Amino acid sequence: MAETALTNTIEPPARPGGWRGIAADWSSDQRAFKNVSWGKAMMWIFLLSDTFIFSCFLLSYMTARMSTTVPWPNPSEVFALTIGDKRIPLILIAIMTFILISSSGTMAMAVNFGYRRDRVKTAALMLATAAFGATFVGMQAFEWTKLILEGVRPWDNPWGAAQFGASFFMITGFHGTHVTIGVIFLIAIARKVLRGDFDVERRGFFTSRKGHYEIVEITGLYWHFVDLVWVFIFALFYLW
Amino acid sequence: MTNFAVHLEAQQHSLQAQVHDTLASGTVHTTGQQHPIKLYLVVWGWLFVLSTCSYLVDYFGLHGHLRWSLILLFMVLKAGLIVAVFMHMAWERLALAYAILLPPVLVLVFVAIMMFESDYTHLLRVIFFAPVT
């Protein structure tokens, strides 16, 4: 009875670590995730399910690429850009990668300043993250436009295996959608941070939990996941 | 029994009130994940270095097993840094870390299955759909 009435705010006593800790945390009909709030646990579980979605996309891409008898278009040449009069392979994708990594860096620091309750710095860093994300989506739109003008379609392309277009639009499209949602989420939370909603427990979405800036970390988890997915797409689709 | 329960509840109320007081007065600010900014900057730098390395693999046109192993190595290192430091998984309890990190490993089984499947499809296509000479 006493156990069920406990709320998140009370620090639990020290618990064992290692395998013994896993057994202790998961057994005996109790909360499995001891020092993690429901919000953070649910974001992790959502990200796990999203991992499976992207895994399925990359798997279907792998299957298409391995089973086709027609040569696969060389991404190094497909995504090359001519800057000046030099043709640089994959340069746009490389820049997009650096932009997304930078956005992850600013996001990690925003989480840090959030827990220090530095409202202005947190909001500024989150908006910087959103700006990087918007830049990324813009460059992706440019890339799509370029490929579509060159004749890439989900069912056909000028360079080789027809499945290239379907895989490309599906994978990068879904990732771009995730980035876009992330940008919107970041701007919404940054506004709340700047306004001080988390300090005054203002009524509204995500603000009800006693002056905690944990939602910044939860937003950060989502954002880092988007970056994480790009790491895999960059390696497996663009570089392979 | 009832006396005991009542006693416990009373204790809890006072505890909750206490926690709420400390929160409201602002003496507890260091809840959640607190790590020095420098750590994030170092990881940021490493992610840049690793991304540059994987780009250079393509730039210098490395091929075959060297290319694939380097790409996978840089990919795993970057993913590990992001999950461990940026997403703070290194500091979470193992009960959460294993619950989240083990299931994706099972995807590798799916990968193995689909590799057999696509090899088989490829074989059939070569045998039955080869251009007639």
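Residues numbered from 1 in each chain as written. Chains lettered and ligands numbered in written order. Predicted model: local features only at pLDDT ≥ 70, side-chain atom pairs only at ≥ 80, totals over all residues.

- For chain B, an unreviewed UniProt entry supplies the name Cytochrome C oxidase subunit IV and the organism Bradyrhizobium uaiense.
- Taken directly from UniProt, the Subcellular location (unreviewed entry) text for chain B runs: "Cell membrane". (UniProt positions renumbered as here; feature names shortened; annotations may be inferred.)

- The name an unreviewed UniProt entry assigns to chain A is Cytochrome bo(3) ubiquinol oxidase subunit 3, from the organism Bradyrhizobium uaiense.
- The Sequence similarities (unreviewed entry) field of the UniProt record for chain A holds the comment "Belongs to the cytochrome c oxidase subunit 3 family."

Regarding the UniProt feature "transmembrane region" (unreviewed entry) in chain B
Piece 1. The positions UniProt marks with the feature "transmembrane region" (unreviewed entry) are residues 37-57, 69-89 and 95-116 of chain B.
Piece 2. Split by type, residues 95-116 of chain B is 95% helix and 0% strand. Its first and last C-alpha atoms lie 34 Å apart. (Helix = DSSP H or I, 4+ residues; strand = E, 2+ residues; numbered from the N terminus.)

Overview of the interface of chain B and chain A
The figure often quoted for interface size is the accessible area lost as the parts come together.
Piece 1. Taken together, the contact pairs 56 residues of chain B with 56 residues of chain A.
Piece 2. Put simply, the parts of the chain that give the side of chain B that touches chain A at least two residues each are α1 (2-25), α2 (37-59), α3 (64-86), α4 (94-105) and α5 (107-128) of chain B.
Piece 3. Of the residues forming the side of chain B that touches chain A, the biggest block, twelve residues, is contributed by α5 of chain B.
Piece 4. Split into classes, the residues belonging to the side of chain B that touches chain A amount to 34 nonpolar, 14 polar and eight charged. (Contact = placed C-beta atoms within 7 Å. Nonpolar A, V, L, I, M, F, W, Y, C, P; charged D, E, K, R; others polar.)

Considering the packing of helix α5 (residues 91-115) of chain A against helix α6 (residues 119-149) of chain A
Residue and element names in this part refer to chain A.
Piece 1. Running from amino to carboxyl end, α5 crosses α6 at an angle of 160°, the nearest separation of the two axes being 8 Å. On the basis of their axis angle, the class for α5 and α6 is roughly antiparallel. Where α5 crosses over α6, the handedness of that crossing is left-handed.
Piece 2. Here the residues of the contact of α5 with α6 sort into 15 nonpolar, eight polar and two charged. (Axes fitted to C-alpha atoms, helices over the stretch in contact; angles between N-to-C directions. Parallel < 35°, antiparallel > 145°, perpendicular 65-115°, else oblique. Left-handed = near helix turned anticlockwise from the far one by under 90°.)

Considering the UniProt feature "transmembrane region" (unreviewed entry) in chain A
Residues and elements named next belong to chain A.
Piece 1. When the UniProt feature table is mapped to this numbering, "transmembrane region" (unreviewed entry) covers residues 41-62, 88-111, 123-142, 162-194 and 215-239.
Piece 2. Annotated as 97% helix and 0% strand, the span residues 162-194 places its first and last C-alpha atoms 49 Å apart.
Piece 3. The span residues 215-239 is 100% helical and 0% strand by assignment, and the distance between its end C-alpha atoms comes to 35 Å.

Re the domain arrangement of chain B
Piece 1. Domain annotation for chain B reports domain 1 (1-30), domain 2 (32-91) and domain 3 (93-133).
Piece 2. Its C-alpha centre places domain 2 of chain B at a distance of 25 Å from the equivalent point of domain 3 of chain B. (Domains from an automatic or database assignment.)

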